[in-house]
Amino acid sequence: MCTVAALCTVAACTTGPSLENRGEVTAPPGDSHHLTIGSAGFTESDLLAQMYAQLLNQAGYRTSLITVANRELYEPALESGQIDVVPEYAATLADWLNAKTHGADAKPVGSPDLDATMKALRDLAAPRGLTVLPPGRAVDQNAFAVSGAYARQHHLKTLGDLGAAKLKVRIAAGDECVQRPYCAPGLKKVYGIDVTGVDPKGVGTTQAKKAVQDGRDQMVLTTTTDATLDQFGLVLLADDRHLQNADYVVPVVNRSRAGGAGVAKALAGLNDVLTTADLADMNRQVDSWRRLPADVARTYLKDKGLLK
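Notes on the structure follow. (Residues numbered from 1 in each chain as written. Predicted model: local features only at pLDDT ≥ 70, side-chain atom pairs only at ≥ 80, totals over all residues. Heavy atoms only, no water.)

Description of the overall build of the chain
1) Next: Assigned secondary structure in the chain consists of 14 helices and 10 strands.
2) Next: Scaling as 2.2 N^0.38, a compact globule of 308 residues should have a C-alpha radius of gyration of about 19 Å, and the chain matches this with 20 Å.
3) Next: For the chain, buried positions account for 51% of its 308 residues.
4) Next: As displayed, the chain has an accessible area near 14000 Å², and 52% of this comes from carbon and sulfur atoms.
5) Next: Side chains of the chain give 32 positive and 34 negative charges; the mean places of these two sets differ by 3 Å. (Helix = DSSP H or I, 4+ residues; strand = E, 2+ residues; numbered from the N terminus. Rg over C-alpha atoms; globule rule 2.2 N^0.38 Å. Buried < 20%, exposed > 50% of the residue type's maximum accessible area, 1.4 Å probe, protein only. Areas by Shrake-Rupley, 256 points an atom, 1.4 Å probe, with all protein chains shown as cover. Lys, Arg positive; Asp, Glu negative; His and termini not counted. Charge placed at Lys NZ, Arg CZ, Asp CG, Glu CD.)

Considerations on the side chain of Thr222
1) Next: Of note, Thr222 is situated in strand β8 (residues 219-223).
2) Next: Among the polar contacts listed, one links the side chain of Thr222 to the side chain of Asp226, at a separation of 2.4 Å.
3) Next: Apart from residues lying up to four places away in sequence, Thr222 is in contact with Gln141, Asn142, Ala143, Ala145, Val203, Gly204, Lys209, Leu229 and Leu236. (Polar contact = N/O pair within 3.5 Å; in protein donor to acceptor, adjacent residues only side chain to side chain. Contact = heavy atoms within 4.5 Å.)

With respect to the sheet that holds strand β7 (residues 194-200)
1) Next: A sheet is described by the order of its strands in space; here five strands give the open sequence β7-β6-β8-β5-β9, paired in mixed fashion. Only two strands of the sheet have a single partner each, and these edge strands are β7 and β9 (234-237). Sheet twist, expressed as the mean angle between neighbouring strand axes with direction ignored, is 40°.
2) Next: As paired strands, strand β6 (residues 168-173) and β7 are joined by six bridges and run parallel to one another. Note on β7: the bridge partner recorded for Ala173 is Pro200.
3) Next: Running over the sheet, helix α9 (residues 184-191) touches β5 (142-147), β6, β7 and β8 and is turned about 165° from β7.
4) Next: In this fold helix α10 (residues 206-213) packs onto β5, β6, β7, β8 and β9, with an angle of close to 145° to the strand it touches most, β8. (Pairing = 2+ DSSP bridges. Axes fitted to C-alpha atoms, helices over the stretch in contact; angles between N-to-C directions.)

Focus on the layout of surface pockets
The probe, sized like a water molecule, is rolled over the atoms to show the empty space still left.
1) Next: Within this model, the largest pocket holds a volume of roughly 1000 Å³.
2) Next: Lining the largest pocket are 33 residues, with Thr92, Asn142, Tyr182, Asn245 and Asp247 positioned closest to its centre.
3) Next: Elements with a minimum of two residues in the lining of the largest pocket: α4 (71-80), β3 (85-89), α5 (90-102), α9 and β8.
4) Next: The greatest single-element share of the lining of the largest pocket, amounting to four residues, is contributed by α5. (1 Å grid on protein atoms, 1.4 Å probe; cavity = no way out; pocket = protein on both sides within 12 Å on 5 of 7 lines; lining within 4 Å. Points joined across faces, edges and corners; volume = space filled by probe spheres on them.)

Here's the deal with the packing of helix α3 (residues 43-58) against helix α12 (residues 261-273)
1) Next: Packing of α3 against α12 brings their axes to within 9 Å, and their N-to-C directions diverge by 125°. Our classification of the angle between α3 and α12 gives oblique. Like other packed secondary-structure pairs, α3 and α12 cross with a definite hand, here right-handed. Of α12, the residues touching α3 (which contributes Met51, Tyr52, Leu55 and Leu56) are Val263, Ala266, Leu267 and Leu270. (Parallel < 35°, antiparallel > 145°, perpendicular 65-115°, else oblique. Left-handed = near helix turned anticlockwise from the far one by under 90°.)

Quick look at the pairing of strand β1 (residues 34-39)
1) Next: For β1, the tally of buried residues reaches five of six residues, placing the bulk of the element in the interior.
2) Next: Pairing between β1 and strand β2 (residues 62-67): six bridges, direction parallel. Following the sheet pairing, His34 is matched in β2 by Arg62.
3) Next: At this point the chain moves from β1, through α3, to the parallel β2, and the crossover so formed is right-handed. (Right-handed = clockwise from strand over helix to strand, strands pointing away.)

The structure is reproduced here in structure tokens:
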């Protein structure tokens, strides 16, 4: 794996075609046969990058992988062609590019509406020389979990059920939950949940999960692909009124090097099979069973008939 320093520095990275230089953006998409796949350095990103690389290798491309754990570094590198393909999350990247383009105070463009989010993302990505490939079925978004015993006692399967139950709920989460619209304010507004406070133990941390397991808190903020919930006896409550943004997994490519039909075709099969539950299971194999991401990715792709 290459290091961040080997890739670029913030000052040294170019940012791809300027917004005024449309010629590079509208030129025919390229099809380089040696592609660099980027990973953001956490388990799920490593797994997705490995699956992309293995599928592209099978399609006749030569690939190398690089880990750059900071979006402020890897996104400019994607624009400049130092990285060719990166697994991303639709709503998060849309809001990030929107802030980069229009300023930190710009109104968010990511939303629970996948179609609207993808349109906003593609509109922001295209002037930067980036192509956003179609999203698949897998989504990694904020989610809320309660103990299995608590869910059974109060007949809870969804966040709507929790709101209707009129229970007082303290949430184990990060400090920002107090003001973020997807967290305490949204739970109150969208679901009518009586949030009595936020226990600042972080998002999906062991301490946060144990606080819910032990009954000190009633709910924990985590993600839909959290692989360790069952270890703490926790279950997710479905976001039945779509509070969370559409953070579906999407491959993002440098148009001039990887925007051709070959890359899109090689990765398309993954969209048809990869689910949120699949990602959670693969995360578990790496994080809990200590398997290598490359091995987990290969086994999954072979089991799904995508890799020979």
